[in-house]
Structure formats: C-alpha cells, structure tokens
Amino acid sequence: MLNPEQTDADYLARAFVLAEYGRYTAHPNPCVGCVLVQQDNIVGEGYHVSAGSSHAEANALSQAGQRAKGATAYVTLEPCSFHGRTPSCAHALVTAGVSRVVVATLDPDPRNAGAGCKVLEDAGISVVTPLMEASAKAIIPGHFKRHETGMPYVRLKLAMSLDGKTALANGKSQWLTSEAARLDVQRLRARSAAIVTGVQSVIDDDPLLSVRNLRHRHADLACELVKPVFILDSHCRVPDTAKILSNPGAQLVYCHPSSRKLPVPVIQVGAGDDGRVDLRELLRVLGEQQCSEVLFECGATLAGSLVEQGLFDELVIYMAPTFMGSDARSLLNVPEIAKMEDLLQLRIADVRIIGRDMRVTVVKDVDSSDISE
C-alpha cells in the first residue's frame, strides 16, 4: 500500500491533469483542477472551463453529489474564499461536508491569499498545504507573477534557421518553419491572455494572429474567444489593408500623436528612451487588464528590445533545419556585447522535435534552490 503522502501526491497529480483541460479557455482566471476521493475511490472530478462558469471545486462537488460528505478534496490552487462571478468554493466544500482538503499552493490573489484555507480550518476541516507547490506554480506562472509584481508572464516566440536567421534580406519569412510548428504556435496563442506584435511584422508578413486549428476538447470555445491583439505602432504606420485590422481583438498602441482614424481601438502609452512604445509601461497596462500570460510574436527589433530590457520570462524558439545565408536578417537586433562576462545567462528548460523542426524553450537562469521541489 502507498504511504499517505504518496497517495496524496497521486490524486493531486490527477488534479493537475484536469487543470490543463481549461488551459486555453479559463483566462483571465487561472486553470484549476479538483479531485474528490472517498475511501480510495474518486467520486468527483472537475476543472474550471471559462471565466464566469463554475469553478473546479463546484464541478467536482456536482459530480460527487452526496458522496462528497466525508471525502478528501485535492485542489491545485487554494479554493476561493470570496463570492465573485461565482460562489465561494471554500464555503461550498464546507457545505458539502468534506473532511479534508489537500491544497497544492496558496493563492497569491490578495482577495484570497490564505483566506480560503482559513474558511476550511475554521469549519473543522483538515487542510494540508503546500504539496507539489513548484508544479502548481508552473502550470499558472502568469497568475503568480501578475499578483506578485503587477506584470504579466511574458513569452517571446521566435523562429530561426540553423544559421540563426529569421527572415530573408527583404523581410520575408513565410514559411520558415513546418506546418507542425505553426500548429504548435496556435497552442501558445490559445494559452495567452493577449498577443503583442510590432507594426514591421504586420507590414512584412500581414498576419491575422487569430487562434485556429486547435486539437483540444475546448477547441471551439478557445477559437471563439476574442483575444486582445496589440499592435505596437509608435507612428501609426499600419497599412489600411492589413489583415490584422479585421481581427476583432486588434488594438493599436502608439506613443506619438496622430490624427489618423483607424477601425480599431487605440491606446496611447509613453515613449521609451528609443522613441518607441515604452514596453515596461505597456506590460503594466496589460497587467492591470488582467492579462496573466502575454505572447510576443514579432520581428527582430521589438524582440531585441524585449530581450535587451530583460522584460521576457520565457523564449520559445523554433529552429528550422535550413540555412538562409549571411545577408538574411538576424533573430534579434541587440547591441554588440564586448565582454564574455556580460553575456545574458539563460537556462534551456525543454527541447523537443515538432514536425521537422526543433523547439527550444529557454528561461532566465535561476540557481538550484529556485528549481528544487
């Protein structure tokens, strides 16, 4: 027989699997999973599908019915203590009569932040937390970063050839990577609360930046959700015929006055030292708009600024098995570094083959104490 701690970990691992089912549709809420166990049998499972719909705990309780009484609940994030668009999950667990709750990690949302567990404990329910906390934070990094810093988790998607080039000298890059890699990018878009691109990418590639061709149980819902797509265009150069202007989520971000009328909402932010949109201010605005994870799909100049200013959390690089030549455009436009000791230290978190391409996921370097369980 497994020891109690191992049994808890096993059931909580199942709750993590359930949480992933809401990955593409739950935002701006975090994706959460819940499992109810009665006498070593799972009697209820649930996950949060979309904002405004029932939370994971409520769905699991609904499935369990009377079998929830005396059960143990396993939840990937602390149950909410407050009544928002849906009732409090902590109070629902109390009402259902569960006897024990295993919580992977406390919620960083200041409206909760331990209050949910206190509701349970005040009702005489045994609470175990944290357990598998690193895994819990890893599935919703943006939720933690936004509530702890006010800034979203920033993911920068890049594509390059084996010789580190991203576009031909004339700016053309379609299609450098395979169809399989492009489908993989759809998942990055779907999990993000917002997408950001630059006007030069719009001019060169004329993308739509919509979510499509997903293979997921909630694919239809994920593709129907209106996702904000921000076009950084300091001087309002976007072509009137650009496909992206037909995207219902398109918004233009500028920093210099313009009398031009556009068919999409516009946002003005301050200019940075380079005279372009201040990226740090933009990210603060996106954090205020409850964007927990933001995907940048852009060209070498905007990508270079993001990297140079250290405003990214994760790089996702698709490498195509081809060469583009010395005159092709480089992956990033960043200043030359004179000394080896000044090189930015990063960590490769994942490498895998996607179709005929390689996908490399890179994060900022952390010491071993930060990545231990």
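Residues numbered from 1 in each chain as written. Predicted model: local features only at pLDDT ≥ 70, side-chain atom pairs only at ≥ 80, totals over all residues. Heavy atoms only, no water.

Observations regarding the packing of aromatic side chains
Move 1: Tallied over the full model, the rule gives 2 aromatic pairs.
Move 2: Ring geometry for Tyr 21 versus Tyr 47: centroids 5.3 Å apart, planes at 75°, classification edge-to-face. On the criterion of sequence distance, the pair formed by Tyr 21 in the loop between helix 1 (4-20) and strand 1 (33-38) and Tyr 47 in strand 2 (residues 41-47) is long-range, its members being 26 residues apart.
Move 3: When the ring centre of Trp 175 is taken as reference, the NZ or CZ atom of Arg 182 above it lies at 4.3 Å.
Move 4: Its end group placed over the ring of Tyr 21, Arg 217 keeps NZ or CZ at 3.6 Å from the ring centre. (Phe/Tyr/Trp six-rings, centres within 6.5 Å; stacked < 30°, edge-to-face > 60°. Helix = DSSP H or I, 4+ residues; strand = E, 2+ residues; numbered from the N terminus. Lys NZ or Arg CZ within 6 Å of the ring centre and 35° of its normal.)

Description of the sheet that holds strand 5 (residues 126-128)
Move 1: Read from one edge of the open sheet, 5 strands run 2-1-3-4-5, paired in mixed fashion. The open sheet has two edge strands with one neighbour each: strand 2 and strand 5. In this sheet, neighbouring strand axes are inclined to one another by 15° on average, regardless of whether the strands run parallel or antiparallel.
Move 2: Pairing between strand 4 (residues 100-103) and strand 5: 3 bridges, direction parallel. (Pairing = 2+ DSSP bridges. Axes fitted to C-alpha atoms, helices over the stretch in contact; angles between N-to-C directions.)

Focus: the confidence of the model for the protein chain
Move 1: Taken residue by residue, the protein chain gives an average pLDDT of 91. The fraction at 70 or more is 96%.
Move 2: For the stretch residues 367-373, pLDDT sits under 50, and the model shows 6 contacts to residues farther than four places along the chain or on other chains. (pLDDT = per-residue confidence, 0-100. Contact = heavy atoms within 4.5 Å.)

Comments concerning unusual backbone geometry
Move 1: The amide bond that connects His 27 to the next residue, Pro 28, takes the cis arrangement and shows omega of 10°.
Move 2: Assignment of secondary structure puts Pro 28 in the loop between helix 1 and strand 1.
Move 3: Cis geometry marks the peptide bond from Thr 129 to Pro 130; its omega dihedral reads -5°.
Move 4: Residue Asp 40 is not a glycine yet carries a positive backbone phi of 65°.
Move 5: Take Asp 40: it is sitting in the loop between strand 1 and strand 2.

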